[in-house]
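Residues per chain are reported as follows:
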Amino acid sequence: MSVVSPATKPGSPATKPVNLERRSLLSAIRPSRAILNIVLVVSAVFWLVPTIGLAIISLRPESLFQQSGWWTALTAPSQLTLSNYQTLFAQGLVARGVLDSLITSLEITVPATLLVTIISSLTAYSLVFGRWPGRSVVFLVIVGLLVVPIQVALIPVVQEYRVFGDLSGFNPFGTIPGVVIFHVAFGLPFGIFLMYNFYSGIPKEMLEAGRIDGAGEWQLFRRVALPLGLPAAASLMIFQFIWVWNDLLVALIFLGNNKHATLTIFLFEQTRTLAANYWIISTGAMISIFIPLIVFFSFQRYFVRGVLAGAVK
Amino acid sequence: MASVTFDHVVKRYTSDLTVVKDFNVEVADKEFMVLVGPSGCGKSTALRMLAGLESISEGQIRIGDRVINNIAAKDRDIAMVFQSYALYPHMSVYDNMAFPLQMQHMKKAEIDKRVKSASSSLGLGNFLDRKPRALSGGQRQRVALGRAIVRNPQVFLLDEPLSNLDAKLRAQTRIELQKLHRDLGTTFIYVTHDQVEAMTMGDRIAIMNAGILQQVGTPGDIYDHPANIFVAGFVGTPTMNFVAATVQDGVATASGFHVKLPKALPAAKGILGFRPEAVTDRIPDPDSAMEMKVDVVERLGSDQFLYGKVGGDSVTARVDPRIKVEPGDSIKLGLDTRTLHFFDSETELALL
Ligand SMILES: Nc1ncnc2c1ncn2[C@@H]1O[C@H](COP(=O)(O)OP(=O)(O)OP(=O)(O)O)[C@@H](O)[C@H]1O
Ligand SMILES: [Mg+2]
């Protein structure tokens, strides 16, 4: 605030310099703001175009696919119809195997997501609030595992599954649990890392107060750490869900000759058939986009900022 | 019976980092004991060992006759109020206070009764449904107290519970805490770095410095008979005057004055200590009068403190507020010889 000279009238002079200041500040910000907005819009469009194209293809009759590009629908919206979806849900869903692969995808994604979230939360709790020696070393090793690319592990894990199968009589290779186990193992380092960072922000005294007040570790986890960590757990769930849902490589290898395929495998195989059914590819892809979107929006409300406000001070 | 005994307690983090050294204190049942000392001296560590949040490296801590070294925190029947309050932000005030009782699997009706009675006595009756973030600092502090009160523990531990409050609220809460102690009739152990809090609240005070217990006693005891230079300088504002002096034939001679000691001491060099209120404009004994060159004058209404030089030594005096003194003036002051202290300059222990 600028100093007002005593000679000027009280009241009015105080507001004027402030207004001037604000205006000059705004005009200084505006050009960079505009550039920022342009960059954001351009990159958003860039990212969205393929998805929009796919959506429009799924809404155009199959016969038009060979005749004109999807963008013609932008000028002739009358092309758009729900007939592809109607066909899919009326007869194609079961007959073409869409429903089966949808269920297979869910059978893999839901347990893999839940297990990663639960195990990561528990492990991170122990690493942050536990009182055993060597916690920081274990955490460092886990963070180190983040850099292991899954591609290098595919073949060794297949071999391990075989060894496990020889020993126990159950070879997870080619089964849904086999895929889930792989996803959980490779989701954990990131999950633990994320939850560890979040739990580290919870004041230790909160747990100590609970310990003095008679709570066991399990109760502290369930009643204090878990509810406070909901935003982090929700983001982890979304990340993990999308990652597993969109996975093709792991499913392709670990499902082996299993007669059930995931949605990604299903779509992938549709593109390989000679008479490619573009209507079923586009509608199937839209379904595979919608499910993560539903997950995202249903967990979005947990991203409440400042859940820790009022904890201390 | 809930006396607390620290018996030769040591806390060592690493072989060369010992933060509490040979700590011995006995806190009587129902006593209000204040643990005070400068920041980092190990007060919280001592308290946290008692609470079961830190392991005990050596020695024993007993509650009553029970050695608690290897008893889990939750089984020590202790409640603790943290400096940061450590409230659960996702729970209402009611649930925050009910939490310790739920952990004891108490009946719902009994929990409700205890929470209601504690909250109404703390003036929190209208806030039971609120989350901590919707409370003021003072209200949060009372919720933290309430969470301890509902448990009806054997021992209450408080680690600087007032340091996040403003000055006025702090003074008010100080009185409320003393009342609470009287009403509950429970042993209180209260940690602070503020000597005013210690002097006003404690039945007894334990003063620590650098992990070592310096002195335990009533506030009056510690003020009048500090055991060493640290305690003498830590307690009282403004701090005690310390001047180098030589004792010969029962007379201590400093650079700017000399004074007859009330008790015979062997001839020695040492540190003469006297509180500002012992140096006044009243001159009981012309022999020990001194001439002060005043540097700073501090008028507090009821008191007037003069900071200046007597000979080569810095001295603080408390004079009648009606006397007009300006910086640069010289003023003649007298020394009350009844409250003199003399410290060994090597060991820093009180000889007088
Ligand atoms: N986990 C730890 N590892 C190593 N040193 C520690 C640890 N916790 C505390 N200390 C050290 O122990 C000493 C005493 O700490 P403590 O918290 O007891 O001080 P305090 O007297 O409570 O101080 P304050 O008034 O600032 O709270 C400090 O020097 C601190 O650095
Ligand atoms: Mg402390």
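Residues numbered from 1 in each chain as written. Chains lettered and ligands numbered in written order. Predicted model: local features only at pLDDT ≥ 70, side-chain atom pairs only at ≥ 80, totals over all residues. Heavy atoms only, no water.

1. Notes on the layout of surface pockets
- In this model, the largest pocket occupies a volume close to 450 Å³.
- Elements that contribute at least two residues to the lining of the largest pocket include exactly α5 (98-129) and α9 (204-212) of chain A together with β1 (4-14) of chain B.
- With four residues, α9(A) is the single largest residue contributor to the lining of the largest pocket.
- Taken together, the residues of the lining of the largest pocket sort by class into eight nonpolar, four polar and 10 charged.
- Considering only enclosed or pocket space, the second largest pocket measures out at about 390 Å³ in volume.
- Elements with a contribution of two residues or more to the lining of the second largest pocket: α3 (108-121), α4 (137-149) and α5 (167-184) of chain B.
- Of all the elements, α5(B) adds the most residues to the lining of the second largest pocket, at nine residues. (1 Å grid on protein atoms, 1.4 Å probe; cavity = no way out; pocket = protein on both sides within 12 Å on 5 of 7 lines; lining within 4 Å. Points joined across faces, edges and corners; volume = space filled by probe spheres on them. Helix = DSSP H or I, 4+ residues; strand = E, 2+ residues; numbered from the N terminus. Nonpolar A, V, L, I, M, F, W, Y, C, P; charged D, E, K, R; others polar.)

2. Comments concerning the domain arrangement of chain B
All names here are of chain B.
- Its domain assignment divides chain B into domain 1 (4-232) and domain 2 (237-344).
- The straight-line distance from the C-alpha centre of domain 1 to that of domain 2 is 39 Å.
- Contact residues are listed per partner, giving eight residues for domain 1 and eight residues for domain 2.
- Each partner contributes to the roughly 710 Å² buried at the junction of domain 1 and domain 2, and carbon and sulfur atoms together form 58% of this total.
- By the criterion of area lost to domain 2, the three top residues of domain 1 are Tyr-223, Ile-229 and Ala-232, representing 69% of everything that side buries.
- For the interface between domain 1 and domain 2, the tally reads zero salt bridges.
- For the pair domain 1 and domain 2, the interface holds two residue pairs in polar contact (both at pLDDT 80 or more).
- Of all the secondary structure elements, the ones that give two or more residues to the side of domain 1 that touches domain 2 are α7 (219-224) and α8 (229-234).
- Broken down by element, the side of domain 1 that touches domain 2 gets its largest block of residues, three residues, from α7. (Domains from an automatic or database assignment. Contact = heavy atoms within 4.5 Å. Buried area = accessible area lost by both parts, 1.4 Å probe. Salt bridge = Lys/Arg side-chain N within 4 Å of Asp/Glu carboxyl O. Polar contact = N/O pair within 3.5 Å; in protein donor to acceptor, adjacent residues only side chain to side chain.)

3. Thoughts on the interface of chain B and chain A
- With 29 residues of chain B at the interface, the matching set in chain A holds 24 residues.
- Both sides of the chain B and chain A interface together cover about 2300 Å² of buried area, and 59% of this is carbon and sulfur.
- By the criterion of area lost to chain A, the three top residues of chain B are B:Pro89, B:His90 and B:Met103, representing 22% of everything that side buries.
- Our enumeration of links across chain B and chain A arrives at three salt bridges.
- With a closest N to O distance of 2.8 Å, A:Asp213 and B:Arg151 form a salt bridge.
- Summed over the shared surface of chain B and chain A, the result is seven residue pairs in polar contact (both at pLDDT 80 or more).

4. With respect to the packing of α5(A) against helix α11 (residues 230-245) of chain A
Residue and element names in this part refer to chain A.
- At a closest axis distance of 9 Å, the pairing of α5 and α11 adopts a crossing angle of 145°. When the axes of α5 and α11 are compared, the crossing they make is right-handed. Only Ala-233, Leu-236, Met-237, Gln-240, Phe-241, Val-244 and Trp-245 of α11 make contact with α5, whose side of the interface consists of Leu-102, Ser-105, Leu-106, Ile-108, Thr-109, Val-110, Ala-112, Thr-113, Leu-114, Val-116, Thr-117 and Ser-120. (Axes fitted to C-alpha atoms, helices over the stretch in contact; angles between N-to-C directions. Left-handed = near helix turned anticlockwise from the far one by under 90°.)

5. Side note on the pairing of strand β7 (residues 155-159) of chain B
Residue and element names in this part refer to chain B.
- Most of β7 sits out of view: five of its five residues are buried.
- Taking every second residue as pointing to the same face, both faces of β7 are buried, with Val-155, Leu-157 and Asp-159 on one and Phe-156 and Leu-158 on the other.
- Note that β7 and strand β8 (residues 187-192) share five bridges and pair parallel. Directly across from Leu-158, in β8, lies its bridge partner Tyr-190.
- Running through α5, the crossover from β7 to the neighbouring parallel element β8 is right-handed. (Buried < 20%, exposed > 50% of the residue type's maximum accessible area, 1.4 Å probe, protein only. Pairing = 2+ DSSP bridges. Right-handed = clockwise from strand over helix to strand, strands pointing away.)

6. Structural notes on the pairing of strand β18 (residues 313-319) of chain B
All names here are of chain B.
- Taking burial as the measure, the seven residues of β18 include five buried ones, the bulk of the element.
- In this structure, strand β17 (residues 304-310) lies alongside β18, joined through seven bridges in antiparallel fashion. If you follow Phe-305 over to β18, its bridge partner there is Arg-318.
- The antiparallel hairpin formed by β17 and β18 contains two residues in its connecting segment, where Gly-311 sits at a positive phi of about 60°.

7. Here we look at the environment of B:Pro327
Residues and elements named next belong to chain B.
- Here Pro-327 lies in the loop between β18 and β19 (330-335).
- The spatial distance from the C-alpha of Pro-327 to the C-alpha of Val-297 is 6.4 Å, given a sequence separation of 30 residues.
- Setting aside anything within four residues of it in sequence, one finds Pro-327 in contact with Val-294, Asp-295 and Val-297.

8. Topic: α5(B)
Residue and element names in this part refer to chain B.
- Taking 1.5 Å of rise per residue, the 18 residues of α5 would be expected to cover 26 Å, and the 25 Å separating its terminal C-alpha atoms lies within 8% of that figure.
- Those residues of α5 that sit buried are Thr-173, Arg-174, Leu-177, Leu-180 and His-181. Taken down its axis, α5 places every buried residue within 130° of arc, on the same side. Exposed side of α5, more than 90 degrees from the buried face: Lys-168, Ile-175, Arg-182 and Asp-183 are the residues found there.
- In this structure, the buried side of α5 is in contact with β3 (32-36), α4, β7, β8 and α6 (195-201).
- Immediately beyond the C-terminal end of α5, within one or two residues, lies Gly-185, with a positive phi of roughly 60°. (Expected span 1.5 Å × (residues − 1). Arc of directions from axis to C-beta.)

9. Some words on the pattern of salt bridges
- Under the defined criterion, the tally for this structure stands at 16 salt bridges over all chains.
- Between B:Arg322 and B:Asp320 there is a salt bridge, with the nearest N and O atoms lying 2.9 Å from each other.
- On the basis of relative accessible area, B:Asp320 is assigned to the partly exposed category, the value being 24%.
- Counted as one network, the salt bridges with shared partners bring together A:Glu208, B:Lys11, B:Arg48 and B:Glu54.

10. Concerning unusual backbone geometry
Residue and element names in this part refer to chain B.
- Geometrically, the link from Thr-237 to Pro-238 is a cis peptide bond, its omega value of -15° lying close to zero.
- Note that Pro-238 resides in the loop between α8 and β11 (241-248).
- One non-glycine residue with positive phi stands out, namely Asp-77, at about 55°.
- Considering the arrangement of structural elements, one finds Asp-77 in the loop between β5 (66-67) and β6 (78-81).

11. Some thoughts on the site of ligand 1
All names here are of chain B.
- Within the structure, ligand 1 sits among Tyr-13, Leu-17, Val-19, Ser-39, Gly-40, Cys-41, Gly-42, Lys-43, Ser-44, Thr-45 and Glu-160.
- One nitrogen or oxygen atom from the side chain of Tyr-13 is found 3.2 Å from a nitrogen atom belonging to ligand 1.
- Within the backbone of Cys-41, one N or O atom sits 3.1 Å away from an oxygen atom of ligand 1.
- Isolated, ligand 1 exposes 640 Å² of accessible area, and the fraction of that covered by the protein chains is 58%. (Near = heavy atom within 4 Å. Areas by Shrake-Rupley, 256 points an atom, 1.4 Å probe, with all protein chains shown as cover.)

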